Amino acid sequence: MCELLKQPTALINPHSQLIMPFVQPLNGEILLPGSKSITNRALILSALSEASITIHNALISDDTLIMVDALKCLGFIVRVNPETLTIDIEGRSGKIPNAIANINVGNAGTVARFLTAMLCLHPHGSYYLDGSAAMRKRPMKALLDSLEALGAATVTYHQEIGYFPFTIRTHGLSGGQVSIDLHQSSQILSALLLVSPLSKGPLVIQFTKNVVSWPFIEMTLQMMREFSKIEPFAFNNHEISFSKYSPYILSSRNYYVEPDLTTASYFLALNLIVGGQLKFLDLTSSQSLQGDIAFTNILQSCGLKIEKSSTSWDVKSSGILSVIPGEIDFNAFSDTFLTLAAIAPLFKASIRISGIAHTRFQETDRISAVSNELRKLNQDVIEFHDSIIINPRPLVPTTIDTYRDHRIAMSFSVLGSYDLFGDGTPWISINDPACCAKTFPNFFNVLDSLRRKCQNK
């Protein structure tokens, strides 16, 4: 029966990617793409600034190109150079050039939230916004209610209230006070923060204690500082206030985007489970804007060794996994929970991943999706509203459905890189591999290159 399961022909599909296991330990280098979260924040801040800005090491992917196209629809001049990984954008000092536009945000959450808030800077705008089928299920109501409460917008919903598609008529941001609930997405607060320094009057934002993914709020605040001559806000407990108009001015006119640490999680996990060594170029020992750096602590507790210098990270592993902690709270860095969940079957003990209720409202219901796919791999999974328990069982070959979610695809590709049968026989196939274009179009090429390089040693 085992030999029958090992036959790869059953996994071949013209619309899927067969994952070839690593039969030798890693021995290579990797240059990660720029952070999506930082790139799209930088695009908004640059568009609102008082000078032309060049964004360096920008991520060029579906999500960032959707933002670029949306800004062009609004009349901004944006030039993308995929070869140099730069984006030039002419800032318009907080003004939106076009008063009317139809914009499709695809399935890009940062575009959906950040751009919607930015539109309200126009005093007399009318904008029709829509997104993908998945985006039409993602929550927007808290943000739109806040903009209406501030008198900055009037929203007309064309289908379900609180969701795309809708038309937003904008009235300018004059100030005021608003309270928002952040239990579903931190992007709602980030969206308001990015435009608040340009309010014509004092503005106070109060928010609930149940904030998810707080490090992304810290990222937003730090980038706002970098684009400002003075700190444009005052932060007090669960309240952020803006006392006066504070234009965005980046004196160097150049902004460098950090390599993406969520993407790094896949290759760090790969190094952990197949062993060997991997050098991450352009990752440094400097403090990062990205909260997902916390994921490295989990992998280090599992046996991964990371040495950081001013120019790179040197990562090593024996390929022998240490016992993983019984429960880990991923609330602050939830984009990486899928990475751990996918390789959880390789550990010898149960694991509970908690603090992830909000991920049910992302590209897909990620808790349900990862549970479904792990069960197809013969794993015992207990699913709760805000957590999952994974009890490892012997793995079996399968084809992974990705739900058009790039993180599902990349996470289970890491698991498929494990040499389950000890002879290099592929045992996992990934449906709809093109979904990785959302944040890492070359993911499978990079994975294959690393595999071929270690086999040639």
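Our subject is the structure listed above.
Residues numbered from 1 in each chain as written. Predicted model: local features only at pLDDT ≥ 70, side-chain atom pairs only at ≥ 80, totals over all residues. Heavy atoms only, no water.

1. As for the overall build of the protein
Consideration 1: Looking only at helices and strands, the protein features 13 helices and 23 strands.
Consideration 2: Taken over C-alpha atoms, the radius of gyration comes to 22 Å for the protein, in line with the 23 Å a tight globule of 457 residues would show.
Consideration 3: Summarising its shape, the C-alpha atoms of the protein cover approximately 70 × 45 × 40 Å along the three principal directions.
Consideration 4: Of all 457 residues assigned to the protein, the portion counted as buried reaches 58%. (Helix = DSSP H or I, 4+ residues; strand = E, 2+ residues; numbered from the N terminus. Rg over C-alpha atoms; globule rule 2.2 N^0.38 Å. Buried < 20%, exposed > 50% of the residue type's maximum accessible area, 1.4 Å probe, protein only.)

2. Some words on the nonpolar core
Consideration 1: Counting 81 residues, the largest nonpolar core has Leu71, Leu115, Met118 and Ile168 as the members making the most contacts within it.
Consideration 2: Grouped together as the second largest cluster of nonpolar side chains are 69 residues, Leu26, Tyr266, Phe267 and Phe295 included. (Core = buried A, V, L, I, M, F, W, Y, C linked by side-chain atoms within 4.5 Å.)

3. Some words on the pattern of salt bridges
Consideration 1: Under the defined criterion, the tally for this structure stands at 18 salt bridges.
Consideration 2: The shortest N-O distance in the salt bridge between arginine 366 and aspartate 405 comes to 2.7 Å. With a gap of 39 residues between them, arginine 366 in helix H11 (residues 366–376) and aspartate 405 in the loop between strand S22 (398–400) and helix H12 (406–416) connect regions that are remote in the sequence.
Consideration 3: With relative accessibility at 0%, the residue aspartate 405 sits in the buried group.
Consideration 4: Ionic pairing is found between lysine 376 and glutamate 373, a salt bridge with its closest N-O pair at 2.8 Å. (Salt bridge = Lys/Arg side-chain N within 4 Å of Asp/Glu carboxyl O.)

4. Observations regarding the sheet that holds strand S3 (residues 52–56)
Consideration 1: Read across the sheet, four strands follow the order S4-S5-S3-S14 without closing on themselves; strand pairing throughout is mixed. The sheet is open, and its two edges are formed by strand S4 (78–81) and strand S14 (254–256), each paired on a single side. Each strand axis lies, on average, 15 degrees off the axis of its neighbour in the sheet, ignoring direction.
Consideration 2: Note: S3 against strand S5 (residues 86–90), five bridges, orientation antiparallel. If you follow serine 52 over to S5, its bridge partner there is glutamate 90.
Consideration 3: The sheet contacts of helix H3 (residues 62–73) involve S4 and S5, and relative to S4 the element is tilted by about 155 degrees. (Pairing = 2+ DSSP bridges. Axes fitted to C-alpha atoms, helices over the stretch in contact; angles between N-to-C directions. Contact = heavy atoms within 4.5 Å.)

5. Some remarks on the pairing of strand S9 (residues 166–170)
Consideration 1: Among the five residues of S9, four are classified as buried, and the element is accordingly described as predominantly covered.
Consideration 2: Strand direction decides the pairing type here: strand S7 (residues 125–130) and S9, joined by five bridges, are antiparallel. Within the sheet, the bridge partner assigned to leucine 129 lies in S9 and is phenylalanine 166.
Consideration 3: When strand S8 (residues 153–157) meets S9, the two strands line up antiparallel, connected through five bridges. Paired with alanine 153 across the strands is threonine 170, a residue of S9.

6. Observations regarding the pairing of strand S11 (residues 203–207)
Remember that side chains alternate between the two faces of the sheet whenever the strand is regular.
Consideration 1: The buried fraction of S11 is high, at four of five residues.
Consideration 2: In terms of strand pairing, strand S10 (residues 176–180) meets S11 through five bridges, oriented parallel. Counterpart to glycine 176 in the pairing with S11 is leucine 203.
Consideration 3: Where S11 lies against strand S13 (residues 239–242), four bridges are found, and the strand directions are antiparallel. Paired with leucine 203 across the bridge in S13 is phenylalanine 242.

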